[in-house]
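Structure assessment
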Amino acid sequence: MKNTLLILATVLLTAPASRSQEIERESWDSKPALHPMEHKYNEESAIIVLDKRRVEYVDEKEGVAVYRTLHRVIHINDDKGIESFNRVYLPVSDNNDIVDIFARTILPDGKIIQVSKENIKDLKEEEDVYKIFAMEGLVKGCEVEFYYTYKRNTGFFGSETFQGRLPVLDARFDLVAPQRLIFELRPFNSAIKPADTVVNEKKWITIAEKSIPGVEEEKYSAYQAGLKRYEYKLSYNTSRKTNDRLFTWDELAKRVYANYVTVTEKETKRTNDLVSDMKVKDLATETDKIVAVENYIKTNFTSRDDIGGEEAANLEKIIKSKLASHTGIVRLYSAVFRQLGIPHEFVLAGDRNKFSVEKNFENWNNTDNAVIYFPSLKKYMAPTLSEYRFPWIDPNWAGTNAFFCKSTTIGEYTTAFGEVRMIPLEDYTKTVINTEAEVSLNQTNDTILVSISQIYSGYSAAAYRAIFNYNSEENIRMITKEMIKFGTNSENVISSKVENKDFESYHQNKPFILSAVVKASELLERAGNKIIVKIGDIIGPQVEMYQEKPRQFPMEIDFPHVLERRIRFTIPEGYILKNPDDIKISHVSEDKGQTSMGFTSSYEIRGNVADIHIIEEYRRTSYPLSQYEEFKKVINAAADFNKVVLVLEKK
């Protein structure tokens, strides 16, 4: 999709009198010395002393070219640091793309080992080919220094992330371009402001930041989205006759609309034939038609993001081969919906775990994920994701802003304009991860019998339907065994069954259910005359949050949901339950009088049955850093229940 949209405009962007320019060359100290390190970095495996990057746009005879430079100095403290930096990867496949490369190791005794360019080797990972070279002589206390400049594909949007696991002492990013090309540079998760200047008829936009702390990935965090990064985009070309803003959301909308909607007569005819084959025209409601179309296409067609070209987007070819690019499959859905008279809009979503779509900063690179919106129903569909069904889409594409392509008709002319707004998540009550269990001892009181059902609906059901539809029978048996073991600690399964694994059940939100009957001697222990029942194991192992270092990121979960567990434990005849109040755990957090998250476990004893009820809920996807202690208590409450045991004594 991006490649199609960004075949731009070399005409728009080349200089009026096209002439080649020299790119900037990196320099470094010919007599380097080791950098002194503060004691606070002693526990780090390595410290990035310098992280300097430059992206430069240069006028060449063929048009505007882009060169990227990376210059790093890394101080190595231990074996882990040596392992991390003993090889340098270059994101290029062709040696001709490498303009400049230099690397050396500076040893603690002052000796310098320079790496020869002849040491560059090819590294193939699946379908990708990289260049790689080995750093030589690394020891504790040494420093690695390298830089490289390479030519990359021309694009007018970008992002550079400077923060990661290791601390960065000195970070700098330069965006360099001919003066006529006006770029915007925006920092994210940083208060540092960019500065700009003109040097030798080139415009430089520079952002520099000192002492960027290293941050580990934390449980329940949008790690990538929370890192310091700098994004950029081209906004103006002053050599044009008009000074209109470039690459606006409206321009993207026009391109997207034309790309998805423009079809030939032959494509229209083949689509008509396909709609007839689907037998959906006479269905009663718009929802019925959408559901039937989606199930038909996702059952009979395959879409992939690693294929491109016109054939993969041509409806004739797609209908014949049953294979499409992501662009092609959206074109197919749109053509079918137009034949059926179903209003729909194209949406390009971001991913709240990685990046955001900003209303006032039109970075087209952040609009990766195709969604179709049905305005009359106010619901969404994910055309490229086989595991989801209307109205469920990848939850990380929702709860955050997305780009909406809205069509408008003036007379006989139809075009489109862009709008940025949030894709809402489905209500938290529609996504459940529930457990229902009947637990009792056998007649000889030497094993536990468990009849258990694990129930998933809403967003949580997608992964399980995919597992049970797209795996081999052998894998499904293994996964089933592991899922049952999760709630019983046992592999001694007497019987099991799965309900509503079909995707057709998904749009009605029928829950996916795995039920089993299990003998679980693992849940029982004896201590003299006492019987110990590990009742907490029924909810399965739980995440625990204990963190020595201060929390860095706000809390983020994939989707709002409810976990309700009902456990009916039959107390064996002749025994009493000594510690029922151990079941009681409660941590609930409220905001403005409404529960925002919580864990509560309670019980009632009716005759010889202890009826245990647990409610754990997360009504939001994001919780601020100020609520970390509350969030941790709720998460740990579930882990605490998992450790609960019931003690039975003879009367």
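Before any of the text, the structure's been laid out above.
Residues numbered from 1 in each chain as written. Predicted model: local features only at pLDDT ≥ 70, side-chain atom pairs only at ≥ 80, totals over all residues. Heavy atoms only, no water.

Considering helix α6 (residues 265-278)
Put simply, the rule reads: The helix count covers DSSP runs of H or I at least four residues long, the strand count covers runs of E at least two residues long, and both are numbered beginning at the N terminus. In this scheme, a helix's expected span is set at 1.5 Å multiplied by one less than its residue total. Any residue under 20% of the maximum accessible area for its type is buried, any over 50% is exposed, and the rest in between are partly exposed; the area is computed with a 1.4 Å probe on protein chains only. Comment: arc refers to directions from the helix axis out to C-beta atoms.
The first and last C-alpha atoms of α6 sit 20 Å apart over 14 residues, in line with the 20 Å expected at 1.5 Å per residue. Where α6 is concerned, the buried positions are E267, T271, L274, V275 and M278. For α6, the angular spread of buried residues about the axis comes to 100 degrees, placing them on one side. Turned more than 90 degrees away from the buried face of α6 sit E265, K266 and K269, all of them exposed. At the C-terminal side of α6, K279 shows a positive phi close to 55 degrees.

Some remarks on the pairing of strand β33 (residues 609-618)
Our working definition: DSSP bridges decide pairing: two strands pair if at least two such bridges lie between them.
Of all ten residues that make up β33, eight are buried, and the element is covered over most of its length. Two strands pair when backbone bridges link them, and strand β29 (residues 561-570) and β33 are joined in this way by ten bridges, in the antiparallel orientation. In the sheet register, H561 faces β33, and the bridge partner there is Y618. Pairing analysis gives ten bridges linking strand β32 (residues 594-606) to β33, with the strands arranged antiparallel. Each bridged residue has a counterpart across the sheet, and for E604 the counterpart in β33 is D611. In this structure, the hairpin formed by β32 and β33 is closed by a connection of two residues, where G607 is found at a positive phi of approximately 65 degrees.

What to know about unusual backbone geometry
The linkage connecting F390 with the following residue, P391, adopts the cis geometry, with an omega of 5 degrees. Tracing the backbone shows P391 in the loop between β19 (379-381) and β20 (400-410). Residues other than glycine seldom take positive phi values, yet N189 does so here, at roughly 60 degrees. Of note, N189 is situated in the loop between β11 (181-188) and β12 (195-199). Judged by its relative accessible area of 40%, N189 is partly exposed.

Some words on the sheet that holds strand β23 (residues 448-456)
Applied cut-off: As a rule, the C-alpha atoms of each element are fitted with a line to give its axis, helices using only the stretch in contact, and angles between N-to-C directions run from 0 to 180 degrees. Working rule for contacts: check all heavy atoms of both residues, and any pair within 4.5 Å makes them a contact.
Taking strand neighbours across the sheet as the criterion, the eight strands line up as β24-β25-β23-β22-β29-β33-β32-β31 in an open arrangement whose pairing is mixed. This sheet does not close on itself; its edge strands, each paired only once, are β24 (493-499) and β31 (585-591). Taken over all neighbouring pairs, the strand axes of this sheet differ in orientation by 10 degrees on average, direction set aside. Lying over the sheet, helix α12 (residues 628-642) contacts β29, β31, β32 and β33, oriented at roughly 25 degrees with respect to β32.

What about the pattern of salt bridges?
Two side chains with opposite charge may pair up if their charged atoms get near one another. The condition that has to hold: We count a salt bridge whenever a side-chain nitrogen from Lys or Arg sits within 4 Å of a carboxyl oxygen from Asp or Glu.
By the definition in use, this model includes 46 salt bridges. Here the residues in one salt-bridge network are D51, R53, R68, R72 and E160, joined through shared partners.

Topic: the side chain of S325
Here S325 lies in strand β16 (residues 323-325). S325 has contacts with S303, R304, I307, A312 and A313, leaving out every residue within four places of it along the chain.

Overview of the sheet that holds strand β27 (residues 530-533)
Within the open sheet, the four strands sit side by side as β26-β27-β35-β30. Their pairing is antiparallel. Of all strands in the sheet, those with a lone pairing partner are β26 (524-527) and β30 (575-577), marking the two edges. Here the strands of the sheet are splayed against their neighbours by 30 degrees on average, with no regard to which way each runs. Relative to strand β35 (residues 646-650), β27 runs antiparallel, the two being bridged by three bridges. Bridge assignment links V533 to a residue of β35, and that residue is L646.

Some words on the packing of aromatic side chains
Worth spelling out the cut-off: Stacked, tilted and edge-to-face pairs are distinguished by plane angle, under 30 degrees for stacked and over 60 for edge-to-face with tilted covering the rest, among Phe, Tyr and Trp rings (Trp via its six-membered ring) whose centres lie within 6.5 Å.
Scanning the entire structure with this criterion turns up 36 aromatic pairs. Ring centres 6.1 Å apart and planes at 20 degrees place the aromatic pair F156 and F247 in the stacked group. One end of the pair, F156, is in the loop between β8 (143-152) and β9 (157-161); the other, F247, is in the loop between β14 (229-237) and α5 (249-261), with 91 residues separating them in the sequence. With respect to class, F156 is no different from F247; both count as buried. Ring centres 6.3 Å apart and planes at 75 degrees place the aromatic pair Y380 and F404 in the edge-to-face group. Linking Y380 in strand β19 with F404 in strand β20, this pair joins segments that are 24 residues apart in sequence. Residues Y380 and F404 agree in their burial class; the two are buried. Site record: aromatic cluster; members linked through ring pairs are Y57, F156, F157, F173, F183, Y232, F247 and W364.

Some words on helix α7 (residues 286-300)
Because each turn of an α-helix spans 3.6 residues, side chains separated by three or four positions in sequence point in the same direction. End to end, α7 covers 21 Å across 15 residues, agreeing with the expected 21 Å (1.5 Å per residue, within 8%). When we look at burial in α7, the residues that qualify are K289, I290, V291, V293, E294, N295, I297 and K298. Tucked inside the fold, the buried residues of α7 contact α6, α9 (326-339), β18 (369-374) and β19.

With respect to the nonpolar core
Short version of the rule: Nonpolar cores were defined as sets of buried Ala, Val, Leu, Ile, Met, Phe, Trp, Tyr and Cys residues, with membership established by side-chain atoms within 4.5 Å.
Ranked by internal contacts, the top residues of the largest apolar core, which has 91 residues, are Y57, F133, F183 and L332. If we skip the residues at most four places from it in the chain, F133 touches N86, R87, V88, L90, I101, A103, V115, N119, I120 and F146. Counting 71 residues, the second-largest nonpolar core is a separate cluster that includes M483, Y506, Y628 and L648.

Some words on the packing of α5 against α9
Heads up, the rule is: Angular relationships are summarised with four words: roughly parallel below 35 degrees, roughly antiparallel beyond 145, roughly perpendicular across 65 to 115, and oblique for the angles in between. In this classification, the charged set is Asp, Glu, Lys and Arg, the nonpolar set is Ala, Val, Leu, Ile, Met, Phe, Trp, Tyr, Cys and Pro, and all remaining amino acids, among them Gly, are polar.
Direction vectors running N to C along α5 and α9 enclose 75 degrees, while the axes themselves pass 8 Å from each other. Relative to α9, α5 is oriented roughly perpendicular. Between α5 and α9, the contacting residues are N259, Y260 and V261 on the first element and T327, V330, R331, S334 and R338 on the second. A class-by-class count of the residues in the contact of α5 with α9 yields three nonpolar, three polar and two charged.

Structural notes on the side chain of S505
Topologically, S505 is positioned in the loop between β24 and β25 (512-519). With relative accessibility at 4%, the residue S505 sits in the buried group. The residues touching S505, leaving out its near neighbours within four places in the chain, are R465, N500 and K510.

Regarding the environment of H613
Residue position: H613 is located in strand β33. Classification of H613 by relative accessible area gives partly exposed; the value is 22%. For the pair H613 and I452, spaced 161 residues apart in sequence, the C-alpha to C-alpha distance is 14 Å. Beyond its immediate stretch of four places on either side in the chain, H613 contacts E564, R565, R566, T600, S601 and S602.

A look at the pairing of β14
Burial of β14 is extensive: eight of the nine residues sit out of reach of the surface. Two strands pair when backbone bridges link them, and β9 and β14 are joined in this way by five bridges, in the antiparallel orientation. Paired with T161 across the bridge in β14 is R229. Examined bridge by bridge, β11 and β14 share eight bridges and lie antiparallel to one another.

Everything listed here is a matter of geometry and, on its own, says nothing about what the molecule does.
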